[in-house]
Amino acid sequence: MTDQYQAFAQSPIGKLLIKNLGLPSPQSLDRFESSQPVVQGEVLLGAAAGSTLSGAIAQVLHNIHANSYAGNNAELQQAAAKVGLSLRAFNSGDKESKFKALVFDASGIENSEQLNELYNFFNPVARQVRASGRVIVVGISPESAKTVKQAVAQRALEGFVRSVGKEFKKGITAQLIYVDQGAEDNLESTLRFVLSPRSAYVSGQVIRVSKADVVSVDWTKPLAGKTAVVTGASRGIGEAIAHVLARDGAHVICLDVPQQQADLDRVASQIGGSTLALDITAPDAGEKIKAAAAAQGGLDVIVHNAGITRDKTLANMKPELWDLVININLSAAERVNDYLLENDGLNANGRIICVSSISGIAGNLGQTNYAASKAGVVGLVKFTAPILKNGITINAVAPGFIETQMTAAIPFAIREAGRRMNSMSQGGQPVDVAETIALFAAPSSSGLNGNVVRVCGQSLIGA
Ligand code: NAD
């Protein structure tokens with residue numbers, strides 16, 4: 001769908017009017033294109049005294065050939081030198097330099113007094129971040145802190161990051177990565193994602209990295225040799241997911257209801273994938289998915305994207321609308337997962353990725369059925385993650401306002417509010433959801449399990 005306001009806002013007259021009237025000014029966001037470097041511009045690295053993750057962060061910056069800078073910080077210089085990252089000198093009085101990313105290792109912060117290290121690093125450069133820039137804070141999971149004071153200080157990072165996401169504008173995103181004890185070598189896929197334009201519409205998020213086997217990949221084709229099933233793949237977000245997973249090297253089996261066969265064929269032929277016409281509420285859906293993937297060497301990734309809305313206030317809702325939404329959005333995914341997990345239907349290191357919604361986090365008028373189903377998806381991820389074996393993981397994305405046929409059906413005034421009420425002042429694109437799903441799908445994301453990442457431009461609705 002086109003966003004006419006955004007197009008107008010980028011015209012000379014639009015810019016003038018928007019500035020004078022104080023209206024939201026949506027930035028055209030950088031988005032990933034193949035063969036681009038992970039970060040297009042300079043990265044400024046900082047660290048609190050006594051931090052333990054600088055080596056792992058420097059290693060990633062080294063791997064992606066980032067043009068990296070740091071202030072006068074001997075500990076940090078040492079950690080970088082150890083992994084062969086050369087840091088150019090930056091003097092915080094220099095107001096001319098601009099950065100595409102600011103990355104701060106906050107793992108050394110042990111109590112609330114030391115939170116001023118955040119202030120000391122970010123305050124002098126707060127106006128020096130380029131459009132579509134990145135602010136990234138890396139801390140330790142409060143649960144793995146050694147003292148209550150340390151846990152409190154690490155938890156405080158969330159409020160800082162979420163506020164930066166709301167303040168910096170110009171399409172700049174802010175994220176917090178919590179790293180569990182011993183999980184520093186699992187950081188790479190997440191750090192690459194949040195640094196790159198793949199995370200264009202993800203902001204104000206907390207991603208938890210846990211300790212797991214480290215899996216190396218070809219970063220240009222992380223899904224090479226893998227087979228993925230995407231439900232609801234004939235259009236909208238599902239179509240974008242199919243394209244992105246295929247771009248990353250997967251063979252994608254595009255699944256949708258039989259009535260969508262023509263569109264399914266179109267998507268599958270564009271990406272060299274195959275099709276599976278199936279209603280996911282069918283009792284044998286799990287079996288059919290397993291059988292379709294068997295011909296491709298078994299299933300590595302399943303994306304539960306198919307979903308519907310049937311909005312009515314609770315007082316006006318017919319029971320069949322309630323049942324239909326819960327069944328398609330939640331129960332079907334549960335049944336398919338159960339079948340695959342109980343019947344060896346998912347290869348070792350398999351990936352289950354669900355699609356929730358910010359409605360499931362915040363609730364929404366007219367969506368008791370939909371919000372219940374999508375909150376249930378959050379529960380499905382949270383309570384399944386700890387019981388998975390064989391390196392299998394489960395995670396979810398929770399999209400906010402994404403420009404698709406689903407949101408095109410929303411009445412104009414509500415649609416316009418949904419589009420603007422976020423830190424990016426615009427709706428997201430289906431590809432933004434797909435890129436986040438690709439992060440979870442990658443074999444290198446073995447340390448991501450039980451995460452729910454919102455793809456909502458830091459919507460004001462919800463947590
Ligand atoms: P869409 O309506 O454009 O596409 C959904 C697809 O799912 C359709 O192709 C449909 O045929 C398929 N589908 C529906 N029921 C099915 C069934 N029983 N079996 C197999 N396939 C079935 O929707 P979309 O906007 O692309 O949304 C995709 C997912 O993202 C949904 O789960 C939705 O709830 C979620 N979501 C979307 C937004 C948004 O802004 N568009 C926001 C939050 C969450």
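Residues numbered from 1 in each chain as written. Predicted model: local features only at pLDDT ≥ 70, side-chain atom pairs only at ≥ 80, totals over all residues. Heavy atoms only, no water.

A. Quick peek at a nonpolar patch on the surface. Together, Met421, Leu460 and Ile461 make up an exposed nonpolar region whose accessible area comes to about 250 Å². For Ile461, the location among the structural elements is in the segment after strand S14 (452–455). In this structure Ile461 comes out as partly exposed when scored by relative accessible area, which is 36%. (Patch = residues over 30% accessible without salt bridge, like charges linked within 9 Å, V, L, I, M, F, W, Y side chains within 5 Å. Areas by Shrake-Rupley, 256 points an atom, 1.4 Å probe, with all protein chains shown as cover. Salt bridge = Lys/Arg side-chain N within 4 Å of Asp/Glu carboxyl O. Helix = DSSP H or I, 4+ residues; strand = E, 2+ residues; numbered from the N terminus. Buried < 20%, exposed > 50% of the residue type's maximum accessible area, 1.4 Å probe, protein only.)

B. Spatial organisation of unusual backbone geometry. Here Lys169, not a glycine, exhibits a phi torsion of approximately 60 degrees, which is positive. In this structure, Lys170 takes a positive phi of about 50 degrees despite not being glycine.

C. Quick look at the site of the ligand. Within the structure, the ligand sits among 29 residues, and Arg235, Ile237, Asp256, Asn305 and Tyr370 are positioned closest to it. Here Asp279 contributes a side-chain N or O atom positioned 2.9 Å from a nitrogen atom of the ligand. Among the secondary structure elements, those contributing two or more residues to the shell around the ligand are helix H8 (236–247), strand S9 (251–256), helix H13 (368–384) and helix H14 (405–408). For the shell around the ligand, the class distribution of residues is 14 nonpolar, eleven polar and four charged. (Near = heavy atom within 4 Å. Polar contact = N/O pair within 3.5 Å; in protein donor to acceptor, adjacent residues only side chain to side chain. Nonpolar A, V, L, I, M, F, W, Y, C, P; charged D, E, K, R; others polar.)

D. Structural context of the pattern of salt bridges. A complete count under the given rule lists 16 salt bridges for this structure. Taking the shortest distance from any N to any O, the salt bridge between Glu403 and Arg419 comes out at 2.8 Å. Of the two residues, Glu403 sits in the loop between strand S13 (393–399) and H14 while Arg419 sits in helix H15 (residues 412–420), which places them 16 residues apart along the sequence. Of the two residues, Glu403 and Arg419, both sit in the buried class. The partner of Arg419 in a salt bridge is Glu416, and the shortest N-O contact between them spans 3.0 Å. Note that Arg419 and Glu416 are positioned in helix H15 at a spacing of three residues, about one turn of the helix. Comparing Arg419 with Glu416 shows no difference in burial state: the two are buried. It is possible to trace a salt-bridge network through shared partners that takes in Arg198, Arg247, Asp248 and Glu435.

E. How the structure looks around the domain arrangement of the protein chain. What the domain assignment reports for the protein chain is domain 1 (38–209) and domain 2 (227–455). Put simply, the middle of domain 1 and the middle of domain 2, counted by C-alpha atoms, are 31 Å apart. Contact residues are listed per partner, giving 19 residues for domain 1 and 24 residues for domain 2. Carbon and sulfur atoms make up 57% of the area that domain 1 and domain 2 hide from each other, which totals about 1700 Å². (Domains from an automatic or database assignment. Contact = heavy atoms within 4.5 Å. Buried area = accessible area lost by both parts, 1.4 Å probe.)

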